Amino acid sequence: MRRSLFIALAQFVICATIAQKRPLKDSLLSTVKQNQVPDTLRVRALNDLSKTYRLTFPDSTIYFSKQAYELAVKISDVPGISTSLNFIGIGCFYKGEYPEALKYQKQALDFSELHHL
């Protein structure tokens, strides 16, 4: 009886956690798609979107992080550049591409240290 109750409770908690993240992803995607949103906010939304996908879809993490990186470089958003490099590395790590992950993590660290972040 206790075991069944525990399993049911665990399933409820997992489903509730997953359901809570869906509105966040939808909201971030909406922010990214809006034309009137400032570019720095779009970079932040892309990086936040990367963070939400990191455990389940590391390819999406890399995809959104690279978009954030390109935009951050274009507008000289120093924190955005550092964060996006970091998340590209995290995406590579979760895909099992450890040398590539290390390369991006090192770039993020060097860039952050250079700009005193």
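So, how was this worked out
- Per chain, residue numbering runs from 1 following the sequence as it is written.
- In keeping with the predicted nature of the model, local features appear solely for residues at pLDDT of at least 70, side-chain atom pairs appear and are counted solely at 80 or more, and the whole-chain, interface and lining totals rest on all residues.
- Hydrogens and waters are ignored; side-chain quantities use all the structure's heavy atoms.
- In DSSP terms, a helix is any run of H or I states spanning at least four residues, a strand is any run of E spanning at least two, and both are numbered starting from the N terminus.
- Residue burial is assigned from relative accessible area. The probe radius is 1.4 Å, only protein chains are included, and a residue is buried under 20% of its type maximum, exposed over 50%, and partly exposed in between.
- Between the first and last residue of a helix there are one fewer steps than residues, each counted as 1.5 Å, and that sum is the expected span.
- Throughout, the arc means that of the directions going from the helix axis to the C-beta atoms.
- In this analysis, two residues are considered to be in contact whenever any of their non-hydrogen atoms come within 4.5 Å of each other.

(A) Geometry of the environment of R44. With respect to the element layout, R44 can be found in helix α2 (residues 39-53). Given a relative accessible area of 56%, R44 falls into the exposed group. The spacing of R44 and S84 is 40 residues in sequence and 9.0 Å in space, taken between C-alpha atoms.

(B) Focus on helix α5 (residues 98-114). Between its first and last C-alpha, α5 extends 24 Å over 17 residues, near the 24 Å set by a 1.5 Å rise per residue. Among the residues of α5, those classed as buried are A101, Y104, A108, F111 and S112. With its buried residues spanning 100° around the axis, α5 presents them on a single face. Exposed positions of α5 whose direction lies more than 90 degrees from the buried face are P99, L102, E113 and L114. Considering only its buried residues, α5 is in contact with α3 (58-75) and α4 (78-95). H116 sits one or two residues past α5 and shows a positive phi near 55°.

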